[in-house]
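# Observations on the three-dimensional arrangement
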Amino acid sequence: MEIKQKKIWLSLIVLYAITTSVLGDFGGPLLKDFYKESCPLAEEIVKHNVEVAVLKDPRMAASLLRLQFHDCFVLGCDASVLLDTHGDMLSEKQATPNVNSLRGFEVIDYIKYLLEDACPQTVSCSDILAMAARDSVFLRGGPWWEVLLGRRDSLKASFAGANQFIPAPNSSLDSLIINFKQQGLNIQDLIALSGAHTIGKARCLSFKQRIVQPNMEQTFYVDEFKRHSTFRRVLRSQCKDSSRDNEQSPLDIKTPAYFDNHYYINLLEGKGLLISDNVLVSEDHEGEIFRKVWEYAVDQDLFFIDFVESMLKMGNINVLTGIEGEIRENCRFVNV
């Protein structure tokens, strides 16, 4: 355990140095203990209320984690995903990857309400998203990490950006690599962050193509027991026709309630739910990604360390700091 913790903290120290250099001098980098003086109970307030929300609805952990992904991949980690449609600005919530899919907004609203009562106009909505994502992972048995804070909130949303930059569930491997590269993330980040699919559910609409197309899986062994075709039959029985498009299936069929490394074990067995999951091994002709998937499948601690590093890296995409943006009073609207 001691060796594991040393590895994790070493990764955090290295990434903190990288983050500082990437963000530059304008407004300063994100910091540990950013609210230590201005709002000392901020992280505790977020943690407690995420815990309450997850106890009421265990799926909420995956939903809050997904909120940060869908926020950071558009304009950056600036809480633009939380803005409602107002005037000429169309909300990202209405974009195809998000509509009738993203959830957890009410949890963020309530946390923001409590923080505004405790420390008015101090804690940004974008920092709440980052803390809530971390706490959600930890509450489901995943790693804990110290979130770097000090983000500010955007003054706009990008409906077009949400449609363009959020990876689709039927993405090819090449398109995923390009998509992550556009965000400053590499193949290692793609593999590690895909592991977030160890919790949560997806609608039939998201994986229908996965079950109707035959022979989609390319495997590294003879499927003697027809596990792939059996898995597809199970999914097909659940998603019989378009009337069941909103029926849900767990992204990780083995341990859907726990944040662990079974996602990668599923991939090796051809049991990833989404096409964008399975292409990590089926379209990896060089074998580089397959080797990393295998490493994560046999070493959960390694997955946790790399996941934390990639989450910290993702959490610094195009952040607003200093005098950029604002601290919203209400996460759904820019300040008047």
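The sections below set out a description of the structure shown in this document.

Definitions and limits used
- Residues numbered from 1 in each chain as written.
- Predicted model: local features only at pLDDT ≥ 70, side-chain atom pairs only at ≥ 80, totals over all residues.
- Heavy atoms only, no water.
- Axes fitted to C-alpha atoms, helices over the stretch in contact; angles between N-to-C directions.
- Helix = DSSP H or I, 4+ residues; strand = E, 2+ residues; numbered from the N terminus.
- Parallel < 35°, antiparallel > 145°, perpendicular 65-115°, else oblique.
- Left-handed = near helix turned anticlockwise from the far one by under 90°.
- Contact = heavy atoms within 4.5 Å.
- Disulfide = S-S within 2.5 Å.
- Buried < 20%, exposed > 50% of the residue type's maximum accessible area, 1.4 Å probe, protein only.

Turning to the packing of helix H2 (residues 42–56) against helix H5 (residues 125–139), a few remarks are in order. Running from N to C, H2 and H5 point in directions that differ by 50 degrees, and their axes come no closer than 9 Å. By the angle class used here, H2 and H5 are oblique. Handedness of the H2/H5 crossing: right-handed. Residues Glu 43, Val 46, Lys 47, Val 50, Glu 51 and Val 54 of H2 form the contact with H5, whose participating residues are Ile 128, Met 131, Ala 132, Arg 134, Asp 135, Ser 136 and Leu 139.

Summed over the entire model, instances satisfying the criterion amount to four disulfides. Bridging Cys 39 to Cys 119, the disulfide has an S-S length of 2.1 Å. On the S-S bond that ties Cys 39 to Cys 119, the torsion sits near 75 degrees, and the link is right-handed. Linking Cys 39 in the loop between helix H1 (2–23) and H2 with Cys 119 in the loop between helix H4 (105–118) and H5, this pair joins segments that are 80 residues apart in sequence. Exposure class is identical for Cys 39 and Cys 119. Each is buried. Linked covalently through their sulfurs, Cys 204 and Cys 239 form a disulfide whose S-S length is 1.9 Å. Disulfide Cys 204-Cys 239: the torsion about the S-S bond is -70 degrees, which places it as left-handed. Note that Cys 204 is positioned in helix H9 (residues 204–212) and Cys 239 in the loop between helix H10 (227–238) and strand S2 (248–250), a separation of 35 residues in sequence. For Cys 204, a relative accessible area of 0% translates into the label buried.

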